[in-house]
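# Examination of the molecular architecture
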Amino acid sequence: MYLIKLFSSLLMAQILSAILTSFFILFQNTIWNILWLKTQGFNISFVILFQSLLHDLRGGLSPMLIQWGIPINMYGIIFIALSSGYLLAAIVRLIIPINSIFLYGFAGFASVYGIIFFTKITFDEIVLISSTRELMGLLIFCFIGLLGGIIFSQFKEFFLKVLTYEKNN
Amino acid sequence: MKKIIKYLLIFIIFFSLTYSVDAKDKIYKLETLYDGLDMPWDIDFLPNGDFLVSELTGKLKIYNPSFKTLITVSNVPSVLARSQGGLSDIELHPDFELNNLIYLSYSIKTREGNTLQVSRAKLHKNTLIDIETIHTAQAFRKTSAHYGARLLFLNDNTLLISSGDGFNHREKAQELDNHFGKILRINDDGSIPNDNPIFKKDNALKDIFTYGHRNQQGLTKDINGIIYSHEHGPKGGDELNIIYPGLNYGWPAITYGIDYNGSIISPFKKKKGMEQPIKYWTPSIALSDMTFYYSNLFPEWYGNLFISALSSADVRRLVIKDKMVVSEEIMFEEIGSRIRSIKSSKDGNLIILTDGRGKKNSGKIIKVSPNNL
């Protein structure tokens, strides 16, 4: 029973982390594009900004890659990348007792960087997420991954406490 | 047994009739002239009727339609054949019969990155001689994507070069200190014409003719010398533009397409000072080449613009009146393959190249000729 609760808490924390990371990544992308348009003399109202963000959040659902015949969207890619990173971090933590926040934060950072790294390898140096084509954008992008990792680390503990609350009392 | 033969006969007669009705409906017939090219990219016609064919993998070939033979031209400049890069366009000098000059566009690897290069050489007995590089695009990148790479000689013997945005460098298409996302105009020796447009920016490169393009793989002119260019959009927003010197065609500040990750590149489709396409396609059909048709073999097609497409694997016949597209017909879908290039031959037939992507040596040369000949 405890294992089921542990697994559930990990899954919930992972989903929450992936959703928030995706949201911030897409938000960064929208802002990045809008800021560039501002430099080109476009008048960007709050309505345009809001509509663009909504569009991008919805657009993230459309297929971005087709791997082994399976279409994968932006959310899917982020979810898979973070899951792989957290799994590796969990294995590392079994061997070396590293601070959870630090380790999962680093895993989040490395996982989203991995998205850029592997798409560049797969698509001959093409960077599909436009906001990461410059160093500053890439750093912000990886920092969002780091935040995602910290969120995961905190919420897995939180969900586990919630799910095991009855047992402890 | 008799019954079976009877039904078989009825079946054969029925399908023969259906086929003949179908064949009668079409004013054209398709004939595969050659099968086995390795990712062909462009085709041009020599005065003696032979075809010059470039293969992205770096080979230039001469096809003889009478003997159906293919000869590889030697001494072709080495190219960076990777992803979308390689040997691309071929353009014969307008005075080819006097000077034997051909122009080639291709991607190369340099210390600064890879980029688009244009060279000219004399075609002498299936060999290129006197090779001279006349242009290296100031568009260095790590990717092997979005080179543009189309060439077009204008009536004044100046050469237009389409230079793509390099995929990762789209914003540079709006800057004038580089060749990303530009159409360039140079003299036939590579020098810069005196009458090129003048831009009000100190660092503007003098060979820029137009800017704000993405990946322009179609460049042609009509009988009146009006220049047409088409470019790949991202997800949607493939464009057909009429090209006027000095103008900004908007990419990526205005676009009808969205990014591959589903996000907006720009929420704007129009802006003062940025040109609108005369037609756009959403979803994208991946425009690859185009040609105007001026021959009486197909009088009903006279003056129409034929655009080949990769992802939709067809050809679009556009009727253009007063610089506006009035109708579009989807054609040659029966080829069922990505169409890389389309050209109108001197004898009035259309010649199509399929690129056979994914399969080595499966590109074809297909002739479209009247059905009644």
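Cut-offs and rules
- Residues numbered from 1 in each chain as written.
- Chains lettered and ligands numbered in written order.
- Predicted model: local features only at pLDDT ≥ 70, side-chain atom pairs only at ≥ 80, totals over all residues.
- Helix = DSSP H or I, 4+ residues; strand = E, 2+ residues; numbered from the N terminus.
- Rg over C-alpha atoms; globule rule 2.2 N^0.38 Å.
- Contact = placed C-beta atoms within 7 Å.
- Buried ≥ 20, exposed ≤ 12 C-beta atoms within 10 Å, placed from the backbone.
- Pairing = 2+ DSSP bridges.
- Axes fitted to C-alpha atoms, helices over the stretch in contact; angles between N-to-C directions.
- pLDDT = per-residue confidence, 0-100.
- Nonpolar A, V, L, I, M, F, W, Y, C, P; charged D, E, K, R; others polar.
- Core = buried A, V, L, I, M, F, W, Y, C linked by C-beta atoms within 7 Å.
- Expected span 1.5 Å × (residues − 1).
- Arc of directions from axis to C-beta.
- Parallel < 35°, antiparallel > 145°, perpendicular 65-115°, else oblique.
- Left-handed = near helix turned anticlockwise from the far one by under 90°.

Attention shifts here to the overall build of chain B. Counting secondary structure elements, chain B contains 2 helices and 24 strands. Over its C-alpha trace chain B gives a radius of gyration of 22 Å, about what one expects of a compact globule, namely 21 Å for 373 residues. Along the longest, intermediate and shortest principal axes, the C-alpha atoms of chain B span 85 × 50 × 40 Å. Here the contacts in chain B between residues at least 6 apart in sequence split such that 54% fall between residues at least 24 apart.

On to the overall build of chain A. Tallying secondary structure elements over chain A gives 6 helices and 2 strands in all. If you list the helices and strands of chain A from N to C, you get α-α-β-β-α-α-α-α. Counting only C-alpha atoms, chain A reaches 60 × 35 × 30 Å along its principal axes. Taken across its 169 residues, chain A has 33% of its residues classed as buried. Considering only residue pairs separated by 6 or more positions, chain A has 69% of its internal contacts joining residues 24 or more positions apart.

A separate point is the sheet that holds strand β19 (residues 305–309) of chain B. All names here are of chain B. Reading across from one edge, β18-β19-β20-β21 is the order of the 4 strands in this open sheet, with antiparallel pairing throughout. Among the strands making up the open sheet, the edge pair consists of β18 (287–292) and β21 (324–331). For this sheet the average axis-to-axis angle between neighbouring strands, irrespective of direction, equals 25°. By the bridge criterion, 4 bridges tie β19 to strand β20 (residues 315–321) in an arrangement that is antiparallel. Paired with L305 across the strands is L318, a residue of β20.

A few words on the confidence of the model for chain B. Close reading of the predicted structure is inappropriate where its pLDDT is low. In this model, chain B carries a mean pLDDT of 94, and residues with pLDDT of at least 70 account for 93%. At the level of chain-chain contacts, confidence expressed as ipTM amounts to 0.90, with global pTM at 0.91.

Where interface size is given, it is often the accessible area lost as the parts come together that is meant. Contact residues are listed per partner, giving 22 residues for chain B and 27 residues for chain A. In terms of residue class, the side of chain B that touches chain A is made up of 9 nonpolar, 9 polar and 4 charged.

All names here are of chain B. The sheet built from 4 strands is open, its strands ordered β2-β3-β4-β5 with antiparallel pairing. This sheet does not close on itself; its edge strands, each paired only once, are β2 (40–45) and β5 (69–72). Neighbour-to-neighbour, the strand axes of the sheet open up by a mean angle of 25°, direction not taken into account. Across 4 bridges, strand β4 (residues 60–64) lies against β5 in antiparallel orientation. Its bridge partner lying in β5, K61 is registered against T72.

Grouped together as the largest cluster of nonpolar side chains are 69 residues, with contacts concentrated most on L87, L160 and I352 of chain B. Ignoring sequence-local partners within four residues, the contact set of I352 of chain B consists of S308, F332, I335, I339, I342, I366 and V368 of chain B. Counting 32 residues, the second largest nonpolar core, distinct from the first, contains Y86, Y104, V112 and F152 of chain A.

What follows concerns unusual backbone geometry. Residue and element names in this part refer to chain B. With an omega of -5°, the peptide bond running from W251 to P252 counts as cis. Along the chain, P252 turns up in the loop between β16 (238–243) and β17 (279–281). Here the bond from T282 into P283 is cis, since omega is 0°, no more than 30 degrees from zero. Locating P283 in the fold gives a position in the loop between β17 and β18.

A word on helix α3 (residues 74–95) of chain A. One turn of an α-helix holds 3.6 residues; hence residues three or four places apart share an orientation. Residue and element names in this part refer to chain A. Taking 1.5 Å as the rise per residue, α3 with 22 residues should run 32 Å; its terminal C-alpha atoms sit 32 Å apart, in good agreement. Considered for burial, the residues of α3 that qualify are M74, Y75, I77, I78, A81, L82, G85, Y86 and A89. The arc that holds the buried residues of α3, viewed along the axis, is 160°, so those residues lie on one side. In α3, those exposed residues whose orientation departs by more than 90 degrees from the buried face are I91, L94 and I95. Packing partners of the buried residues in α3 comprise α1 (2–39), β1 (63–67), β2 (70–73), α4 (100–122) and α5 (135–163).

All names here are of chain A. One can describe the packing of α1 onto helix α2 (residues 46–59) by two numbers: an axis separation of 9 Å at closest approach and a directional angle of 135°. One element, α1, and the other, α2, form an angle in the oblique class. Relative to α2, the crossing made by α1 is right-handed. Contacts between α1 and α2 pair F23, L26, F27, N29, T30 and I34 from the former with L49, S52, L53, D56 and L57 from the latter. Tallied by class, the residues present in the contact of α1 with α2 amount to 7 nonpolar, 3 polar and 1 charged.

Moving on, we get to the pairing of strand β9 (residues 127–136) of chain B. All names here are of chain B. Pairing between strand β8 (residues 113–124) and β9: 7 bridges, direction antiparallel. Bridge pairing in β9 links L123 to L128. Hairpin remark: β8 followed by β9, antiparallel, with 2 residues in the connecting loop; positive phi at K125, about 45°.

Right, let's talk about the environment of G49 of chain B for a bit. Along the chain, G49 of chain B turns up in the loop between β2 and β3 (51–55). C-alpha of G49 of chain B to C-alpha of S66 of chain B: the two residues are 17 residues apart in sequence and 8.9 Å apart in space.

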